[in-house]
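An overview of the molecular structure
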Amino acid sequence: MKLLHEIEAKVNRSTKFQEESSVYFPLEQTGSIPSRGMFCAGRIESGVIKTGTPLEVFFNGKKSKGTVKDMEIFRKKTDLLKAGDRGGVFIKFKTDIDIKRGAVLFEPGKGREVSDSWLVSLQTLKGQGNHTTKGEYMLHHSTFSDGKTILEPCNLSEDGLTETVLRSSSQFMGRPTDPILIRSNRTIIIGHLVSSIAS
C-alpha cells in the first residue's frame, strides 16, 4: 500500500470516488456461492449499484453480462453500494466466465480502454538508481492479475519519468493516469498508464 501511495503522489493523482459517473468496480475477491451466484468484492471507484442493476464483467479478454441479485457490506445486507464503498455483490452471469482478482464490473457499454499494449511513463523507485529495461517483469495494476509483462528497451532513472511501451500477457482494462508498479528480481519501477495502443 505504501508503494501505491507513492505512485499516486508521483503521478499527481489521488483516488476520487464519483457517484455521478458510470459504475467502475475493480474486483479484489471473487467466489462462486451456490444458489446466490458469483460473489464479487472490492471498492467501487465510481457510480452507484442497486439490486437489479445490470452490469458487465471483463477479465482476461472475456466479457459477460449479468444482473445484481444481492449486496452486502462487511457481511451485512445493504440496498445500495456507492462510489468509495468497500463491499460485495452477488451476480449471476448469462454466460459462464472464470473471473478472479483483477476482473472489473462496469455498466454495459461504458467500460474503459482495453488492450495488451500500453504506452506508459516510468521511473525507478527512489533508492533504486538507474535501470535499463530488459526481459520479463511482473506488473501490478488494479485490473491485471496475471502479472507477466515485457517492456521495450529504455533507460530509467529515479529522477524523472520516461515513456516506453508495455506489452502484457493478456488484455486488461485501464485508463490514462492509472498507477502501475513493475518488479524485476532487483528493481522496483513505478509510473502510470498513458494510453492504450491498438493491437
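Each remark here, short or long, concerns the structure printed above.
What comes next is a walk through the structure. (Residues numbered from 1 in each chain as written. Predicted model: local features only at pLDDT ≥ 70, side-chain atom pairs only at ≥ 80, totals over all residues. Heavy atoms only, no water.)

Residues Phe25, Cys40, Ile49, Val89, Phe93, Ile99 and Leu105 are the most contacted members of the largest nonpolar core, which totals 20 residues. Every element with two or more residues in this core is listed here: strand S1 (24-33), strand S2 (37-43), strand S4 (54-59), strand S5 (62-73) and strand S8 (86-93). Ignoring sequence-local partners within four residues, the contact set of Ile99 consists of Leu27, Thr30, Met38, Cys40, Val57, Phe59 and Phe93. Among the nonpolar cores identified, the runner-up in size contains 15 residues, and Trp118, Val120, Leu166 and Ile189 belong to it. (Core = buried A, V, L, I, M, F, W, Y, C linked by side-chain atoms within 4.5 Å. Buried < 20%, exposed > 50% of the residue type's maximum accessible area, 1.4 Å probe, protein only. Helix = DSSP H or I, 4+ residues; strand = E, 2+ residues; numbered from the N terminus. Contact = heavy atoms within 4.5 Å.)

Strand order in the closed barrel made by the six strands is S10-S15-S13-S12-S16-S17, with antiparallel pairing throughout. The average undirected angle you get between the axes of adjacent strands in this sheet is 40°. Strand direction decides the pairing type here: strand S12 (residues 136-140) and strand S13 (residues 148-151), joined by three bridges, are antiparallel. Bridging across to S13, Met138 finds its partner in Lys148. (Pairing = 2+ DSSP bridges. Axes fitted to C-alpha atoms, helices over the stretch in contact; angles between N-to-C directions.)

Let us look at the layout of surface pockets. Taken as a whole, the second largest pocket holds about 200 Å³ of empty space. Together, Glu28, Phe39, Ala41, Gly42, Glu72, Ile73, Phe74, Arg75, Arg86, Gly87 and Gly88 line the second largest pocket. Listed by contribution, the elements that provide at least two residues to the lining of the second largest pocket are S2, S5 and S8. The class makeup of the residues in the lining of the second largest pocket is four nonpolar, three polar and four charged. (1 Å grid on protein atoms, 1.4 Å probe; cavity = no way out; pocket = protein on both sides within 12 Å on 5 of 7 lines; lining within 4 Å. Points joined across faces, edges and corners; volume = space filled by probe spheres on them. Nonpolar A, V, L, I, M, F, W, Y, C, P; charged D, E, K, R; others polar.)

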